[in-house]
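Each chain is listed here by its residues.
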Amino acid sequence: MFGPHRAINTDMDSSETAHPPGKAEQDGISSDSLPERPPESSDPLQPARGKLKAVVVDDESHVRAILRDMLTSLNIEVVAEGSTGIEAVELFHTHQPDLMILDITMPVMSGEEVLMMLMPEFPDALIIVLTSMTDENSVDGCLDLGATNYIRKDTPIREIKRVIQETVNAFLEVREGQ
């Protein structure tokens, strides 16, 4: 089953990704589903050196706004945003973030091409790809290139937040264990 993510182990089954139309608070990312700012997390994600830094790259400004709010609620600072693959590469080099949320389908340069450029230089990068596509080959290609996880844009907002938090936590555990 092709679900909203699979690079980390979760207990989610396919019924948890289904959502009835018309419930903006549960629907995936869309321009009419801006979430309310959630309360501060009781379990913030903070490495020993301080707050995590993130870069968000998506060609849709409303998607960037939603992700920025979600990451902020997880105590992750969004230090930069971009809308093209070229900007993604430049922003990663400039900020060297702890986390990048990267859309796969963007103008000028795709998320796959960004991964091809960044992963050889930053093999330990934490990059979660975001996609509206149901093309399993594109997602598999991104995971093969080094993306840590993926999220489909039609995933309910609460689930997107959970996937980000679980992915970051698992990644930090591995990083600290090295």
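Anything mentioned here points back to the structure above.
The shown structure was predicted, so the numbers you read here are calculated from the model rather than taken from an experiment.

Draft legend 1. Main features of the nonpolar core. Within the largest apolar cluster, 25 residues are counted, with the highest numbers of intra-cluster contacts made by M100, L102, L115, L118, I127 and V129. Elements with a contribution of two residues or more to this core: β1 (52–57), α2 (85–95), β3 (99–103), α3 (111–118), β4 (127–131) and α4 (136–145). Ranked by residues supplied to this core, first place goes to α2 with 4 residues. Residue contacts for V129: discarding those within four places in its chain leaves L102, I104, L115, C142, A147, N149, Y150 and I151. I157, I164, V168 and L172 belong to the second-largest nonpolar core, a separate cluster that totals 24 residues.

Draft legend 2. Representation of the pattern of salt bridges within the structure. Using the criterion set out here, one finds 8 salt bridges in the structure. E60 serves as the salt-bridge partner of K153, at 3.0 Å between the closest nitrogen and oxygen. Here E60 lies in the loop between β1 and α1 (61–73) and K153 lies in the loop between β5 (149–152) and α5 (157–177), a separation of 93 residues in the sequence. For E60, a relative accessible area of 31% corresponds to the partly exposed category. Residue E166 is joined to R162 by a salt bridge in which the shortest nitrogen-to-oxygen separation is 2.5 Å. Here the residue E166 and the residue R162 both occupy positions in helix α5, the gap between them amounting to 4 residues, near one helical turn. Relative accessible area serves as the criterion here: at 29%, E166 is assigned to the partly exposed category. Each of D58, E60, D103 and K153 takes part in one network of salt bridges that share partners.

Draft legend 3. Representation of the pairing of β4 within the structure. The buried fraction of β4 amounts to 5 of the 5 residues, a majority that puts the element mostly inside the structure. Going residue by residue along β4, you find I127, V129 and T131 tucked away on one face and I128 and L130 tucked away on the opposite face as well. Once you follow β3 into α3 and on to β4, the crossover reads as right-handed.

Draft legend 4. The arrangement of the sheet that holds strand β2 (residues 76–82) in detail. Strand order in the open sheet made by the 5 strands is β2-β1-β3-β4-β5, with parallel pairing throughout. With one partner strand each, in any of the chains shown, β2 and β5 form the two edges of the open sheet. Across the sheet, the mean angle separating the axes of adjacent strands is 20° when strand polarity is ignored. Bridge count for β1 against β2 is 6 bridges, and the pairing is parallel.

Draft legend 5. Focus on α4. Within α4 the residues assigned to the buried category are S138, V139, G141, C142 and L143. Contact partners of the buried residues in α4: α3, β4 and β5. Two residues or fewer past α4, G146 is found with a positive phi of approximately 120°.

Draft legend 6. Inspection of the packing of α3 against α4 at higher detail. For the pair α3 and α4, interaxial distance at closest approach is 9 Å and the crossing angle is 10°. In terms of axis orientation, α3 runs roughly parallel to α4. Where α3 abuts α4, its residues E112, L115 and M116 lie against S138, G141, C142 and L145. Broken down by class, the residue content of the contact of α3 with α4 amounts to 4 nonpolar, 2 polar and 1 charged.

Draft legend 7. Spatial organisation of the side chain of R64. Position of R64 among the secondary structure elements: in helix α1. At 2.6 Å, the side chain of R64 and the backbone oxygen of D58 are in polar contact. Each residue touching R64, except ones within four places of it in the same chain, is listed here: V56, D58, D59, E81, G82 and S83.

What counts, and where the lines are drawn
- Residues numbered from 1 in each chain as written.
- Predicted model: local features only at pLDDT ≥ 70, side-chain atom pairs only at ≥ 80, totals over all residues.
- Heavy atoms only, no water.
- Core = buried A, V, L, I, M, F, W, Y, C linked by side-chain atoms within 4.5 Å.
- Buried < 20%, exposed > 50% of the residue type's maximum accessible area, 1.4 Å probe, protein only.
- Helix = DSSP H or I, 4+ residues; strand = E, 2+ residues; numbered from the N terminus.
- Contact = heavy atoms within 4.5 Å.
- Salt bridge = Lys/Arg side-chain N within 4 Å of Asp/Glu carboxyl O.
- Right-handed = clockwise from strand over helix to strand, strands pointing away.
- Pairing = 2+ DSSP bridges.
- Axes fitted to C-alpha atoms, helices over the stretch in contact; angles between N-to-C directions.
- Parallel < 35°, antiparallel > 145°, perpendicular 65-115°, else oblique.
- Nonpolar A, V, L, I, M, F, W, Y, C, P; charged D, E, K, R; others polar.
- Polar contact = N/O pair within 3.5 Å; in protein donor to acceptor, adjacent residues only side chain to side chain.

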